[in-house]
Amino acid sequence: GQLSAQLRPVPTDRLGDNAWAATDGKRFLYNTAKIAEAGLTKEELKGILLHEVLHLAFGHTNGHRFNRSGTRDPVRWNVACDILINTLIEGAGLTLPKQVIRQSDVPLNPPLTKPVLEYIAEEIYPRIPNPPAPCLGCGLLDPASGEGDRQDGKGGAGSKKMSDVEIELWKARI
């Protein structure tokens, strides 16, 4: 609750082609059309929200004061972080969409010799191929883009009416 309350929810249609949601450490951006198109369940929506909150909790985002990404390639860094976060979420018995990236989706070189949760993102990052395998649901943000700050009634801060997907996201957040 406390960390999710720090992320301002912003609907947007301007995330990457495969992205349902993303965070910059200040905003929880989500693409209602992509979420609806994927037919995600309420439990999967909760998992997506938790995924983005954990990026904040672990200092994975550029907009966070404890940012750990440094000068790393943002795509490879996101994949390393997603592997850890998704393993943690599913290991806790929570649900994520089947399309999210998992350790088994990425040919790590050298391979991990211990369970994935015994590593930190900085240890997984150099093992990620360049470029990494594409993943459905992965979202990256360009902080300079003003992403999600639409005032035209098509999402973002100026949107007046919440869609069914947005309502479910808020219910999952509470």
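Procedures and definitions
Residues numbered from 1 in each chain as written. Predicted model: local features only at pLDDT ≥ 70, side-chain atom pairs only at ≥ 80, totals over all residues. Heavy atoms only, no water. Helix = DSSP H or I, 4+ residues; strand = E, 2+ residues; numbered from the N terminus. Contact = heavy atoms within 4.5 Å. Pairing = 2+ DSSP bridges. Axes fitted to C-alpha atoms, helices over the stretch in contact; angles between N-to-C directions. Expected span 1.5 Å × (residues − 1). Buried < 20%, exposed > 50% of the residue type's maximum accessible area, 1.4 Å probe, protein only. Parallel < 35°, antiparallel > 145°, perpendicular 65-115°, else oblique. Left-handed = near helix turned anticlockwise from the far one by under 90°.

A. Spatial organisation of the environment of Pro129. Examined against the element boundaries, Pro129 turns out to sit in the loop between helix 5 (121–124) and helix 6 (164–173). Along the primary structure Pro129 and Leu108 are separated by 21 residues, whereas in three dimensions their C-alpha atoms are 6.9 Å apart. Ignoring anything within four residues of it in the chain, the contact list for Pro129 reads Arg76, Val106 and Pro107.

B. A look at the sheet that holds strand 3 (residues 27–30). What the three strands build is an open sheet, ordered 1-3-2; its pairing is mixed. The outermost strands of the open sheet, each flanked by one partner alone, are strand 1 (8–11) and strand 2 (21–23). If you compare each strand with its neighbour and ignore which way they point, the axes differ by 20° on average. Alignment of strand 1 against strand 3, held across four bridges, turns out to be parallel. The partner of Val10 across the bridge, within strand 3, is Leu29.

C. Just helix 3 (residues 42–57), in detail. With 16 residues, helix 3 should cover 22 Å at 1.5 Å per step; its first-to-last C-alpha distance of 22 Å lies within 8% of that length. Every buried residue belonging to helix 3 is among Glu44, Leu45, Gly47, Ile48, Leu49, His51, Glu52, Val53, Leu54, His55 and Leu56, and all of these are buried. Phi for Gly59, located one or two positions after helix 3, is positive at around 70°.

D. Representation of the packing of helix 3 against helix 4 (residues 74–91) in the model. Between helix 3 and helix 4, the shortest axis-to-axis distance is 10 Å and the interhelical angle comes to 125°. In terms of orientation, helix 3 lies oblique with respect to helix 4. Like other packed secondary-structure pairs, helix 3 and helix 4 cross with a definite hand, here right-handed. Here helix 3 contributes Gly47, Leu50, His51, Leu54 and His55 to the contact with helix 4, which in turn contributes Asn78, Cys81, Asp82, Ile85, Asn86, Leu88 and Ile89.

Just geometry here; none of it tells us what the structure is for.
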